[in-house]
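# Inside the fold
One-letter residues, chain by chain:
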Amino acid sequence: VNWQRSGEYADIIYETAEGIAKITINRPERRNAFRPQTLFELQDAFNAARDDSEVGVIIFTGAGDQAFCSGGDQKIRGDDGYVGAADDPVARQGIGRLNVLDLQVQIRRLPKPVVCMVAGYAIGGGHVLHVCCDLTIAADNARFGQTGPKVGSFDGGYGSWLLAQTVGLKKAREIWYLCRQYSAEEAREMGLVNTVVPLERLEEETVTWAREMLEKSPLALRMVKGAINTVSDGAAGMQQFAGDATMLYYMSEEAQEGREAFKEKRRPEFDRFPRRP
Ligand code: 2NE
């Protein structure tokens, strides 16, 4: 794949090719742990991929083959969250952030499939990010798990109940209560990942899945993602799905007749549209 790099980022890499965006956390020296700046950059890149009408599928991954992501950077964890660099106005006030939660919501709301491509560890907050993605393709060296109760943290949002929805209640409790690590094969058996491939074939296989999705109707994929998330996201999921319904309605002649009638200062002629059963 002839990836084209764009954007000015310190902690991540943003690339596109053939209708696919690839977003890579690039802090391999910390097993791709994230700090506030990493998350701001990821939010920017995911927005770029959302806005780019050429992009139909997003691959989310980590640099190197040791980790997708090891969660929050414990070395810059303050007493109330993760503390940014000196030029971060919030950090300057002595306040920490938990802005990974905003990224999790963004991935759920993004109306294009997000595929997590995992080599090595997906651990802690990094594990939650993979849980939030639509699909996960794992290399055979991948290892999964939560660490919160070991390091003084937990994720009571998607990290708990979306995990439970994915692997079942008993298994989700085991994952959180014991903080064990699970192999790629164990993860596949519990429905936590879609497939496992040899490390050297990881990107090739992930791109094959992306290309297969790119052959499908973009609106149908958007609606299916919204539909699957609606139940678990409650009112916020309904908000997303309702917005999509409005978008589809706007695209109809019936809705456009209302707009035209307003602009032409006449009564709308809705009679010509069927009252569908
Ligand atoms: C990821 C794991 C299992 C890797 O183990 P290993 O043996 O392959 O590597 P090593 O030597 O532990 O790590 C390599 C370097 O990366 C740093 C390490 O400290 C080490 O650097 P040096 O100290 O040698 O210079 N590193 C790795 N993970 C880091 C991290 N998360 N923050 C800062 N530096 C990190 C092993 O490293 C591991 O277990 N890492 C910690 C995983 C973890 O507990 N993450 C935080 C969970 S809490 C969270 O993410 C969270 C949340 O629960 C709620 C909201 C927001 C975030």
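Source: prediction; values computed, not measured. (Residues numbered from 1 in each chain as written. Predicted model: local features only at pLDDT ≥ 70, side-chain atom pairs only at ≥ 80, totals over all residues. Heavy atoms only, no water.)

## Considerations on the overall build of the protein
Secondary structure summary: the protein contains 11 helices and 11 strands in total. For the protein, whose C-alpha radius of gyration is 21 Å, the value lies close to the compact-globule estimate of 19 Å for 277 residues. With the C-alpha coordinates of the protein rotated into their principal frame, the extents come out at 65 × 45 × 40 Å. In the protein, which comprises 277 residues, the proportion classed as buried is 46%. A fraction of 64% describes how many contacts in the protein between residues 6 or more apart in sequence connect residues 24 or more apart. Total accessible area on the protein is roughly 14400 Å²; 52% of this is exposed by carbon and sulfur atoms. (Helix = DSSP H or I, 4+ residues; strand = E, 2+ residues; numbered from the N terminus. Rg over C-alpha atoms; globule rule 2.2 N^0.38 Å. Buried < 20%, exposed > 50% of the residue type's maximum accessible area, 1.4 Å probe, protein only. Contact = heavy atoms within 4.5 Å. Areas by Shrake-Rupley, 256 points an atom, 1.4 Å probe, with all protein chains shown as cover.)

## Notes on helix H6 (residues 158-167)
Three or more residues of H6 are buried, namely Tyr158, Gly159, Leu162, Leu163, Ala164 and Val167. As for H6, its buried residues are in contact with helix H3 (100-109), helix H4 (125-132), helix H7 (169-178) and helix H10 (218-250). Just downstream of H6, glycine 168 is the residue with a positive phi angle, here 95°.

## Focus: the packing of H3 against H4
Contact geometry of H3 with H4 gives a least axis separation of 9 Å together with a crossing angle of 15°. If you check the angle between H3 and H4, you find them roughly parallel. Here H3 runs over H4; the crossing is right-handed. Contact residues: Val100, Leu103, Gln104, Ile107 and Arg108 in H3; Val128, Leu129 and Cys132 in H4. When the residues that make up the contact of H3 with H4 are grouped by side-chain class, the tally is 6 nonpolar, 1 polar and 1 charged. (Axes fitted to C-alpha atoms, helices over the stretch in contact; angles between N-to-C directions. Parallel < 35°, antiparallel > 145°, perpendicular 65-115°, else oblique. Left-handed = near helix turned anticlockwise from the far one by under 90°. Nonpolar A, V, L, I, M, F, W, Y, C, P; charged D, E, K, R; others polar.)

## Some remarks on the packing of aromatic side chains
Evaluated as defined, the whole model comprises 4 aromatic pairs. A centroid spacing of 5.1 Å and a plane angle of 90° characterise the contact between phenylalanine 60 and phenylalanine 68, whose relative ring orientation is edge-to-face. The two residues phenylalanine 60 and phenylalanine 68 agree in class, both being buried. Geometrically, the ring pair formed by tyrosine 158 and tryptophan 161 is tilted, given 5.1 Å between the ring centres and 55° between the ring planes. Here the residue tyrosine 158 and the residue tryptophan 161 both occupy positions in helix H6, the gap between them amounting to 3 residues, near one helical turn. Taking relative accessible area as the criterion, tyrosine 158 reaches 8% and is therefore assigned buried. Among the aromatic residues, those joined into a ring-pair cluster are Phe46, Phe60 and Phe68. (Phe/Tyr/Trp six-rings, centres within 6.5 Å; stacked < 30°, edge-to-face > 60°.)

## A look at the packing of H6 against H7
Direction vectors running N to C along H6 and H7 enclose 135°, while the axes themselves pass 7 Å from each other. Comparing their axes, H7 and H6 come out oblique. Crossing handedness for the pair H6 and H7: right-handed. Between H6 and H7, the contacting residues are Gly159, Ser160, Leu163, Ala164 and Val167 on the first element and Leu169, Lys171, Ala172, Ile175 and Trp176 on the second. Here the residues of the contact of H6 with H7 sort into 7 nonpolar, 2 polar and 1 charged.

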